[in-house]
There are 2 protein chains.
Amino acid sequence: MEKSVVQVGKQSLSFPMAPWILESASVVGKKEGEGPLGELFDMVGEEEMFGCDSWEDAEATLQKEAFTLAVGKSNIEKWQIRYIFAGDLLGQEMASSFGLADQQIPLFGVYGACSTAGESLGLAALTVASSAADYVCAITSSHFASAEKQFRFPLAYGNQRPPSSTWTVTGSGAFLVGKDKGIAKITGITTGKIVDYGVTDSMNMGACMAPAAADTIYQNFMDFECDEQEYDKIITGDLGDVGYEILLELMKDKGFDISEKLMDCGRMIFDKESQGTNAGGSGCGCSASVLSAYILKQIKEKKWKKILFVPTGALLSPVSHNEGLSVPGIAHGVVIEG
Amino acid sequence: MEKSVVQVGKQSLSFPMAPWILESASVVGKKEGEGPLGELFDMVGEEEMFGCDSWEDAEATLQKEAFTLAVGKSNIEKWQIRYIFAGDLLGQEMASSFGLADQQIPLFGVYGACSTAGESLGLAALTVASSAADYVCAITSSHFASAEKQFRFPLAYGNQRPPSSTWTVTGSGAFLVGKDKGIAKITGITTGKIVDYGVTDSMNMGACMAPAAADTIYQNFMDFECDEQEYDKIITGDLGDVGYEILLELMKDKGFDISEKLMDCGRMIFDKESQGTNAGGSGCGCSASVLSAYILKQIKEKKWKKILFVPTGALLSPVSHNEGLSVPGIAHGVVIEG
């Protein structure tokens, strides 16, 4: 019997009998719906509260809707889903706890800041590849207003945002992973370590996360003995314009020119000129909703055959920021093939 | 080839070639060192700051020390550890991010409130059982002062604590899991769902978590077609006195009398009469440090052969509490055998 989970190099796994992303769904806010990818999302909210009384409840609703839509699009029933891997940016993962409680499915809460989409997909793939489950769901979310309240200033204060700042995406992406043939296969993962270059500017998260992205992409190349030519695209989570440029430089320093292959979900979801989003979008709803709505579509339409999806996370908290600590980064790579 | 991961019933897995807990370590604060289990912990801090400038940094140091001690006791080198599964109670898992960054080991952040010790051990066991890693580490922590600051009142305010309240344990437990023979085997897990009975009293976390513990223990019995006779002990995480009594009642309602088997880490770590800890200890450092220092010792000394370890978590955040929401519970079961 062939092994279904194989250790590759130092930080990677490959899945010879690869689990599939069977279906996925994306739910976003009004602003994201008005952006360049607007028409591709499954559901766009008419207003940012999504009919709720609090920002946190609105974010929980994003997860609930994304989960329900993904299951609805698939051929499987809710009771067949053995585990959910879920996470968000709020303290104690409030959006996941309150958004998914009703589903009554065993839950693994995961946290990797905006890299959580990669972490949850990676563990979902491992769970299915190892036969621990036939079907699992990976889901993440973020909400502009709940994130500003959690990490920065009250919205009514109207703080200025420097050009390096990113705009937290109001959105959620849900992915059903299983052994049946679906949209795309997860053939490997490269799990990231914490990388801390000592950047303390929470208004420049791209700079905080780029070193982690470089570390994970480089390690993926080393582990799988490949380079950027292996992939049609290398797509980071939410580095934005500043982090994007830094990542290109860091990879050049390591001997790889990935400029022809690199895309960033944070640079794709908004039109920064007309939407005033500065360096781009961020949040663990950013990479998740773009993966579901745009990236998987390209794979489904056979425009891309193999990509490296690398959600990036800035491990800051309001407390660590107030204590003047640096913002360590982490990035989790997922190899996705058509 | 025998399967190494087997789905059992609705929510459980069994591991026929069970991964072992090779070594473990516990680090606790002064108060815990003065409690009934004081002599068993590997390291007891002389003061609550552990030489640091902030409570959060002190908690990060707990994780760092527990990790270092566990590796030091074992026959393996740090570089052999392929993944860490880590979590804590602080917003954005600050203690784990800052405590483990230096180790430069790929990290899966996990969150299940005080049930995180069960979640991290479960995923660690799955990872080793599925051959995704030869060695992994599961680690969790909590700190009385960082938790009070995160969830309740400034310490200097000296708020009154009702009899139902629990005292967050200052402590961390680290567990090295691998395929070599060690202290105890993890032969199965039962992953919990969120259970919400609508309790809103954050000063009565036992009542919030007991329904989740009952749900997971009952599901473990159903999945493995057994009852309380299967186990020498059933050991919950941190229900404390109030939750302990509620759990016994809830299990009786389901047709099981577990009163002869039930122990609770929160009731074991402090002497409530002399230490003023009201209903008992709590925090994801509670069950982790008690598992390492006390429970595994009983198994090593062959006093117990098979136990069901059930860390329990209350999924509240300062924001959800302030918004008047309920405190949902979750509990993750781990079957540990000598």
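The residue numbers shown here count from 1 along each chain, following its written sequence. Chains carry letters and ligands carry numbers; both start at the beginning, A for chains and 1 for ligands, and go up in the order they are written. Totals for whole chains, interfaces and linings use every residue, but because this is a predicted model, local features are given only for residues with pLDDT of at least 70 and side-chain atom pairs only at 80 or more, for both listing and counting.

S.K.: Explain the overall build of chain A here, please?
M.R.: The helix and strand tally for chain A stands at 11 helices and 17 strands. Here the globule rule reads 2.2 Å times residues to the power 0.38, and the radius of gyration is calculated from C-alpha atoms. In summary, chain A has a C-alpha radius of gyration of 18 Å against a globular reference of 20 Å for 338 residues, a match within 12%. Viewed in the frame of its principal axes, chain A has a C-alpha envelope of about 60 × 50 × 35 Å. The exposure label follows from counting other C-beta atoms within 10 Å of a residue's C-beta, where the C-beta atoms are placed from the backbone and the thresholds are 20 or more for buried and 12 or fewer for exposed, leaving partly exposed in between. For chain A, the proportion of its 338 residues judged to be buried stands at 65%. This entry defines residue contacts through backbone-placed C-beta atoms, with two residues in contact when those atoms are within 7 Å. Look at the contacts in chain A between residues 6 or more apart in sequence, and 78% of them connect residues 24 or more apart. For helices the rule is a DSSP run of H or I covering at least 4 residues; for strands it is a run of E covering at least 2, with both sets numbered from the N terminus onward.

S.K.: How should I be thinking about the interface of chain B and chain A in this particular structure?
M.R.: The parts lose accessible area when they come together, and the size of an interface is often stated as this lost area. Listed per partner, the contact involves 50 residues of chain B and 50 residues of chain A. Looking at the side of chain B that touches chain A, the elements with two or more residues in it are helix H3 (94-100), strand S6 (107-109), helix H4 (116-129) and helix H11 (318-322) of chain B. Here the element with the most residues in the side of chain B that touches chain A is H3 of chain B; it accounts for four residues. Just so you know the grouping, Ala, Val, Leu, Ile, Met, Phe, Trp, Tyr, Cys and Pro go in nonpolar, Asp, Glu, Lys and Arg go in charged, and all remaining residues, Gly too, go in polar. Among the residues forming the side of chain B that touches chain A, the class breakdown is 28 nonpolar, 15 polar and seven charged.

S.K.: Is there a simple way to think about the relation of the copies chain B and chain A in this case?
M.R.: Between the two copies of the chain lies a relationship made up of a rotation around an axis and a movement along it. In this comparison the copies share one frame, found by least squares on the C-alpha atoms of residues holding pLDDT of at least 70 in both. Taken as rigid bodies, chain B and chain A are interconverted by a rotation of 180 degrees and an axial shift of 0.0 Å, the fit giving an RMSD of 0.0 Å. Each copy turns onto its partner about a two-fold axis.

S.K.: Help me understand the domain arrangement of chain A in this model?
M.R.: Residue and element names in this part refer to chain A. Taken domain by domain, chain A holds domain 1 (20-178) and domain 2 (186-337). Segmentation into domains, and thus their bounds, comes from an automatic or database assignment. With centres defined by C-alpha atoms, the gap from domain 1 to domain 2 works out at 18 Å. Counting residues at the interface gives 48 residues for domain 1, matched by 51 residues for domain 2. The greatest single-element share of the side of domain 1 that touches domain 2, amounting to seven residues, is contributed by helix H4 (residues 116-129). Class assignment of the residues belonging to the side of domain 1 that touches domain 2 gives a composition of 22 nonpolar, 21 polar and five charged.

S.K.: I tried to follow helix H6 (residues 205-223) of chain B on my own but got confused; where do I start?
M.R.: Given 3.6 residues per helical turn, the α-helix brings residues three or four places apart onto the same face. Take the residue count of a helix, subtract one, and multiply by 1.5 Å to get its expected span. For H6 of chain B, spanning 19 residues, the distance from its first C-alpha to its last is 27 Å, which sits close to the expected 27 Å at 1.5 Å a residue. Most of H6 of chain B is tucked away: 16 of the 19 residues are buried.

S.K.: Is there a simple way to think about the packing of H6 of chain B against helix H7 (residues 240-253) of chain B in this case?
M.R.: Axes are the key here: two packed helices are described by the angle between their axes and the distance separating the axes. Residues and elements named next belong to chain B. Taken N-terminus to C-terminus, the directions of H6 and H7 make an angle of 40 degrees; their axes are 8 Å apart at the nearest point. When the axis of H6 is compared with that of H7, the two are oblique. When the axes of H6 and H7 are compared, the crossing they make is right-handed. On H7, the residues that touch Gly206, Ala207, Met209, Ala210, Pro211, Ala213, Ala214 and Ile217 of H6 are Gly240, Val242, Gly243, Tyr244, Ile246, Leu247, Leu250 and Met251. A class-by-class count of the residues in the contact of H6 with H7 yields 13 nonpolar, three polar and no charged. The axes used here are C-alpha line fits, helices contributing only the stretch in contact, and every angle between their N-to-C directions lies in the interval 0 to 180 degrees. Convention used here: angles under 35 degrees read as roughly parallel, angles over 145 as roughly antiparallel, angles from 65 to 115 as roughly perpendicular, and any remaining angle as oblique. Take the far helix as your reference; a near helix turned counterclockwise from it by less than a right angle gives a left-handed crossing, and one turned clockwise gives a right-handed crossing.

S.K.: Hey, could you run me through helix H7 (residues 240-253) of chain A in this one?
M.R.: Residues and elements named next belong to chain A. End to end, H7 covers 20 Å across 14 residues, agreeing with the expected 20 Å (1.5 Å per residue, within 8%). Along H7, the residues classified as buried are Gly240, Val242, Gly243, Tyr244, Ile246, Leu247, Leu250 and Met251. Where H7 is buried, its residues contact helix H6 (205-223), strand S11 (233-236), strand S12 (262-264), helix H8 (265-268) and strand S13 (281-282). The first or second residue beyond H7 is Gly255, which carries a positive phi of 95 degrees.

S.K.: Is there a simple way to think about the nonpolar core in this case?
M.R.: In a soluble, globular protein the nonpolar side chains are often hidden away together inside. The term nonpolar core refers to a group of buried residues, namely Ala, Val, Leu, Ile, Met, Phe, Trp, Tyr and Cys, whose C-beta atoms join them within 7 Å. In this structure, Val136 of chain A together with Val136 of chain B are the most contacted members of the largest nonpolar core, which totals 238 residues. Residues within four places of Val136 of chain B in sequence aside, it is in contact with Ile81, Arg82, Tyr83, Ile84, Phe85, Ala124, Thr127, Val128 and Val177 of chain B.

S.K.: Explain the confidence of the model for chain A here, please?
M.R.: Any residue range with low pLDDT should be treated as having predicted coordinates unsuitable for detailed reading. Confidence of the predictor in every single residue is expressed as pLDDT, which spans 0 to 100. Summary statistics for chain A give a mean pLDDT of 97 and a share of 100% for residues scoring 70 or more. Here the predicted complex scores 0.98 on pTM and 0.97 on ipTM.

S.K.: Quick question: what am I supposed to make of the pairing of strand S9 (residues 171-178) of chain A here?
M.R.: On a regular strand, each side chain points to the face opposite its neighbour's, so the side chains alternate between the two faces of the sheet. Residue and element names in this part refer to chain A. The element S9 is extensively covered by neighbouring structure, given that eight of its eight residues are classed as buried. Here S9 shows two buried faces, one formed by Gly171, Gly173, Phe175 and Val177 and the other by Ser172, Ala174, Leu176 and Gly178. Direction of pairing for strand S7 (residues 135-142) relative to S9: antiparallel, over a ladder of eight bridges. Paired with Ile139 across the two strands is Ala174, which belongs to S9. Note on pairing: DSSP must find at least two bridges between two strands before they are called paired.

S.K.: I keep staring at unusual backbone geometry and nothing clicks. Help me out?
M.R.: All names here are of chain A. For Glu225, which is not glycine, the phi torsion reads 45 degrees and is therefore positive. Taking the C-beta count within 10 Å as the criterion, Glu225 has 9 such neighbours and is therefore assigned exposed. One non-glycine residue, Lys302, adopts positive backbone phi at about 60 degrees. Among the structural elements, Lys302 can be located in the loop between helix H10 (284-300) and strand S14 (306-310). Residue classification places Lys302 among the exposed residues on the basis of 8 C-beta atoms within 10 Å.

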